[in-house]
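So the chains spell out like this:
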Amino acid sequence: ALCHPDAEQRFTFWMQLANMRYLNKGSRLDYILCDKKMQPFLVTDSKTSLAGATEDCEAHTAEAAWNAATQFGRWHGAHQVQKSDGGGLSLQQDDMTLNDTQFREPHTGILYTPPKYSDHVPVCACFAGLKLQPQLNARWTETRGTQPWTSQSTLTALFSSKRQRT
């Protein structure tokens, strides 16, 4: 939302069995969270990073989102029968170049993959000029707060309303 506030119907999950990707009816499940200190380095140029745009279709439109999700209608839909019949993940063999359309320049946004690969697609963030300093000297006491399960006596205690401390 920060990088592409005007983008319409950009989903990362579609129900496979009904081939909802081809109706572009889905959900947005994947997000990228980053520290505010990293935000100035985030590449947010929506003109180049939103897939699906054409001369007649602007990148932020629902039509461009459908173009990207279906590779302009060229990707085959997901297999709609049980995997026991040989379905499931497979390459689109009639036009092998379509399998490579997921490989693009680094960008911030959705990385569209063929429907036969998965029912959802990943998101990615491109940072320019960011230099991370490794912190290899963190002590156990400094990292313990990021591991809430270590203070629980049992796994079920982690999910209870009254947490037990050990």
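Scroll up for the structure.
Residues numbered from 1 in each chain as written. Predicted model: local features only at pLDDT ≥ 70, side-chain atom pairs only at ≥ 80, totals over all residues. Heavy atoms only, no water.

### Some remarks on the overall build of the protein
In step 1: Regarding its fold elements, the protein presents four helices and four strands.
In step 2: The order of helices and strands in the protein, counted from the N terminus, is β-β-α-α-β-β-α-α.
In step 3: Residues classed as buried in the protein amount to 29% of the 166 residues present.
In step 4: A separation of at least 24 residues holds for 55% of the contacts in the protein among residues at least 6 apart in sequence.
In step 5: Carbon and sulfur atoms make up 55% of the accessible area of the protein, which amounts to about 11600 Å² in all. (Helix = DSSP H or I, 4+ residues; strand = E, 2+ residues; numbered from the N terminus. Buried < 20%, exposed > 50% of the residue type's maximum accessible area, 1.4 Å probe, protein only. Contact = heavy atoms within 4.5 Å. Areas by Shrake-Rupley, 256 points an atom, 1.4 Å probe, with all protein chains shown as cover.)

### Examining the environment of A18
In step 1: Counting through the fold element by element, A18 comes out in the loop between strand 1 (13-14) and strand 2 (26-27).
In step 2: On the basis of relative accessible area, A18 is assigned to the partly exposed category, the value being 37%.
In step 3: C-alpha of A18 to C-alpha of G77: the two residues are 59 residues apart in sequence and 9.4 Å apart in space.

### Description of the environment of P106
In step 1: Residue position: P106 is located in the loop between helix 2 (62-70) and strand 3 (109-110).
In step 2: Taking C-alpha positions, P106 is 9.6 Å from V43, a pair spaced 63 residues apart along the chain.

### Brief notes about the packing of aromatic side chains
In step 1: Per the stated rule, a full pass over the model turns up zero aromatic pairs.
In step 2: In this structure, R28 is placed above the aromatic ring of Y31, and the distance from its NZ or CZ to the ring centre is 5.4 Å. (Phe/Tyr/Trp six-rings, centres within 6.5 Å; stacked < 30°, edge-to-face > 60°. Lys NZ or Arg CZ within 6 Å of the ring centre and 35° of its normal.)

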